[in-house]
Amino acid sequence: MQLQLQWWSVLPFAAMLAGIAVLPLVPATAHWWERRSSQLAVALVLGVPVAVWMWLALGWQAVFAAVVEYGQFIALLLSLFIVSGGIFLKGDIEATPRNNTAFLAVGAVLASFVGTTGAAMLLIRPLLNTNAERRYRVHTVLFAIFIVANCGGLLTPLGDPPLFLGFLQGVEFSWTMRYLFWDMLLVSVLLLAMFFLLDSWMYRKEGVLPRESVSDAQPLGLQGWANVLLLGVVVGLVLMSGLWKPGISFDVYGAEVTLPGLLRDLGLLAVIIVSLRITPASIHADNQFSWAPMEEVAKLFAGIFLTIIPVIAMLQAGTEGAFASVVHAVNNADGEPIPIMYFWATGLLSSFLDNAPTYLVFFNTAGGDPQVLMNEMAPVLMAVSAGAVFMGANTYIGNAPNLMVKAIAEDRGIRMPSFFAYLFWSLTFLLPIFLLVSLISFR
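First, a word on scope: everything that follows refers to the structure included in this document. Treat the numbers as computed from the prediction; the structure is a model and nothing was measured.

**Details of the overall build of the protein chain**
Each helix and strand in the protein chain was counted, giving 20 helices and four strands. Expected size for 443 residues packed as a compact globule is a radius of gyration near 22 Å; at 22 Å, the protein chain falls within 12% of this value. Viewed in the frame of its principal axes, the protein chain has a C-alpha envelope of about 75 × 50 × 45 Å. Residue burial in the protein chain is summarised as follows: out of 443 residues, 54% are buried. A fraction of 80% describes how many contacts in the protein chain between residues 6 or more apart in sequence connect residues 24 or more apart.

The following block contains the structure:
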């Protein structure tokens, strides 16, 4: 029996988001929420009934496919988490606004070539180490999420999953760099300038004095070069899974598993094992490596992946689904696409939902022909691409590395903003920039 999904199908997902946002703030539940078992309990209590319900509504294959996707997601995230934890930047780096801004600028460049998740995992630990003696560090972590974990990943399909999906659909590898370079540069420069001004104010507020040069200062150096090579292997495995199309796939309980995808996941598992075996304990100690952030993200995203199944299904139904009004809103009365509406519709949904399927929905809403979208309808594809990538920074759950960076910072003792407080930061710093970009590029 097939059940028709209505708007109220989003309620379990909304409850999951509300739990993440509210439970840490309520005095009666805050301590309870801090326990990893409590987060898992919430994920299972909300996720398992939805999985059973979706089994009835869409078939058990849809549920198993979501489980497979979750496994692939965790495999990639875990490999990047472990590999980056085996790389340590040693030496004396003064936590000045100039140096911190340089850190974020380098991360923005790396994000498009090793992915936002890879760049964020690679950058966050040395950034936290450098700023260990600073009193005000929250803003530095937040701007790392804004710039490195999101906005920097706009230039290539390696940067962010939605662009990789576009690449698989036929969008040229260099298309986003050619068409969206100036948008990415504008957003990055504005955010870096905002950060520099804010960090300079915080720096003066702390009364930090410049370090005096000392003869025994430790020179800069990188430890864990083998893990740098393993990071390249991870990027290569992801790229291989998208480029190599042998036409071989396996039906695993109704879910299609391609040969490249299987080899990628087995390769990621091998990378994890190798990294754990070859990384000296001293590097993990210097990085203050802990499993707690990975545990938190894995448990919370288990609930998100299950409760989001009906939401994605309704979105993918297009004009036939409960979100038909959203799909219709991006075109005018004559059916002509409105680029600025594509930017905001894709972006706002990507702020709370998985930005990869959201990108694909609006890609297909605009016709789905990559040759047409790359040429005659280039402004529309630009809007969809930029909205999906940029606005993943709007919330902690808008992009996978956001929550991971938050968890790593909290594991270091940094009191990060709540879900709603983070929204205040994003509305203050990101929204004006996105409004400017939309008026310049997508009007």
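**Description of a nonpolar patch on the surface**
Among the surface-exposed residues, Trp 244, Ile 248, Phe 250, Leu 262, Leu 263, Leu 266, Leu 269 and Ile 273 lie close enough to one another that they form a single nonpolar patch of about 690 Å² accessible area. When residues in the nonpolar patch are grouped by element, the largest group, five residues, is from helix α10 (residues 259-278). With respect to the helices, strands and loops of the structure, Leu 263 is situated in helix α10.

**Describing α10**
Taking 1.5 Å per residue as the helical rise, α10 with its 20 residues ought to reach 28 Å, and the 28 Å between its terminal C-alpha atoms agrees with that figure. Those residues of α10 that sit buried are Leu 259, Pro 260, Gly 261, Arg 264, Gly 267, Leu 268, Val 271, Ile 272 and Ser 275. Here α10 starts with a cap whose side-chain oxygen sits 3.1 Å from the backbone nitrogen of Gly 261, and that cap is Thr 258.

**Re the nonpolar core**
If you look at the biggest cluster of nonpolar residues, it comprises 132 residues, and the most contacted ones within it are Leu 104, Phe 143, Phe 146, Ile 147, Leu 191, Phe 343 and Phe 390. When sequence neighbours within four positions are dropped, the list of residues in contact with Phe 143 reads Leu 104, Val 148, Leu 191, Met 194, Phe 195, Leu 198, Trp 425 and Phe 429.

**Remarks on the side chain of Thr 116**
Inspection of the secondary structure puts Thr 116 in helix α5 (residues 97-130). Sequence-distant contacts of Thr 116, that is, excluding residues within four places in its chain, are made with Ala 111, Val 148, Ala 149, Asn 150, Gly 153, Gly 159, Asp 160, Asn 399 and Pro 401.

**Topic: the pairing of strand β4 (residues 255-258)**
Residues of β4 alternate between two faces, with Ala 255 and Val 257 buried on one and Glu 256 and Thr 258 left unburied on the opposite face. Pairing geometry for strand β3 (residues 249-252) and β4, over four bridges, is antiparallel. Opposite Phe 250, over in β4, you have Val 257 as the bridge partner.

**Some thoughts on the packing of helix α15 (residues 339-350) against helix α18 (residues 378-390)**
For the pair α15 and α18, interaxial distance at closest approach is 7 Å and the crossing angle is 25 degrees. Relative to α18, the element α15 lies roughly parallel. Note that α15 runs across α18; the crossing there is right-handed. Facing Pro 339, Tyr 342, Phe 343, Thr 346, Gly 347 and Ser 350 of α15, the residues of α18 in contact are Pro 379, Val 380, Ala 383, Val 384, Ala 386, Gly 387, Ala 388 and Phe 390. Residues belonging to the contact of α15 with α18 are distributed by class as follows: ten nonpolar, four polar and no charged.

**A word on the side chain of Ser 200**
Mapped onto the fold, Ser 200 is located in helix α8 (residues 175-206). Separated by 2.6 Å, the side chain of Ser 200 and the backbone oxygen of Phe 196 make a polar contact.

**Thoughts on the packing of helix α13 (residues 309-316) against helix α16 (residues 355-365)**
Packing of α13 against α16 brings their axes to within 10 Å, and their N-to-C directions diverge by 15 degrees. Compared by their axis directions, α13 and α16 come out roughly parallel. Read as a crossing pair, α13 and α16 show a hand that is right-handed. Listed contacts from α16 to Ile 312, Leu 315 and Gln 316 of α13 are Pro 357, Thr 358 and Val 361. Among the residues forming the contact of α13 with α16, the class breakdown is four nonpolar, two polar and no charged.

**Digging into helix α1 (residues 11-22)**
Along its twelve residues, α1 runs 15 Å from first to last C-alpha, staying within 8% of the 16 Å computed at 1.5 Å per residue. Among the residues of α1, Pro 12, Phe 13, Met 16, Leu 17, Gly 19, Ile 20 and Ala 21 are the ones counted as buried.

**Re the environment of Tyr 342**
Take Tyr 342: it is sitting in helix α15. Residue Tyr 342 is classed as buried on the basis of its relative accessible area of 0%. Put simply, Tyr 342 and Thr 365 are 23 residues apart on the chain and 9.7 Å apart in space, counted from C-alpha to C-alpha. When residues no more than four places from it in sequence are discounted, the contact partners of Tyr 342 are Val 330, Asn 331, Pro 337, Gly 347, Phe 362, Thr 365, Ala 366, Val 380, Ala 383 and Val 384.

**Quick word on the pattern of salt bridges**
Under the counting rule described, the total for this entry stands at five salt bridges. Measuring nitrogen to oxygen at the nearest pair gives 2.8 Å for the salt bridge that ties Arg 134 to Asp 199. One end of the pair, Arg 134, is in the loop between α5 and α6 (138-147); the other, Asp 199, is in helix α8, and 65 residues separate them in sequence. Take Arg 134: its relative accessible area is 5%, and that puts it in the buried class. Note on Asp 199: relative accessible area 0%, which makes it buried. Between Arg 178 and Glu 172 there is a salt bridge whose closest N-O contact spans 2.7 Å. For Glu 172, a relative accessible area of 39% corresponds to the partly exposed category. Each member of the salt-bridge network shares a partner with another, and the members are Arg 134, Asp 199 and Glu 206.

About the thresholds
Numbering of residues starts from 1 in every chain and runs along the sequence as written. pLDDT decides what is reported in this predicted model: residues at 70 or higher carry local features, side-chain atom pairs at 80 or more are listed and counted, and totals for whole chains, interfaces and linings draw on all residues regardless. Hydrogens are left out, water is left out, and the side-chain values use all remaining heavy atoms of the structure. The helix count covers DSSP runs of H or I at least four residues long, the strand count covers runs of E at least two residues long, and both are numbered beginning at the N terminus. Restricting the calculation to C-alpha atoms gives the radius of gyration, and the globule rule supplies 2.2 Å times the number of residues raised to the power 0.38. Each residue is assigned to one of three classes by its accessible area relative to the maximum for its type, calculated with a 1.4 Å probe on protein chains only: buried under 20%, partly exposed between the two thresholds, exposed over 50%. Throughout, a residue-residue contact means that at least one pair of heavy atoms, one from each residue, lies within 4.5 Å. Surface patches are defined over residues having more than 30% relative accessible area and no salt bridge, joining like charges when they lie within 9 Å and nonpolar side chains (Val, Leu, Ile, Met, Phe, Trp, Tyr) when within 5 Å. A 1.4 Å probe and the Shrake-Rupley method give the accessible areas. Residues count as covered only by the protein chains that appear here. Only one rule defines a salt bridge in this text: a Lys or Arg side-chain nitrogen within 4 Å of an Asp or Glu carboxyl oxygen. Given the number of residues in a helix, its expected span is that number minus one, multiplied by 1.5 Å. Two N or O atoms count as a polar contact when they lie within 3.5 Å, although within protein this holds only if one can serve as hydrogen donor and the other as acceptor, and sequence-adjacent residues are included solely when both atoms are side-chain atoms. In this text, buried Ala, Val, Leu, Ile, Met, Phe, Trp, Tyr and Cys residues form a nonpolar core when linked through side-chain atoms within 4.5 Å. Any two strands with at least two DSSP bridges between them are considered paired. With axes taken as lines fitted to C-alpha atoms, and helix axes fitted only over the stretch in contact, angles between N-to-C directions fall between 0 and 180 degrees. Throughout this description, any angle smaller than 35 degrees is read as roughly parallel, any larger than 145 degrees as roughly antiparallel, any in the 65 to 115 degree range as roughly perpendicular, and the remainder as oblique. For any helix crossing, the convention is left-handed if the near helix is rotated counterclockwise from the far helix by under a right angle, and right-handed if that rotation is clockwise. Charged residues are taken to be Asp, Glu, Lys and Arg, nonpolar residues to be Ala, Val, Leu, Ile, Met, Phe, Trp, Tyr, Cys and Pro, and polar residues to be all remaining types, Gly included.

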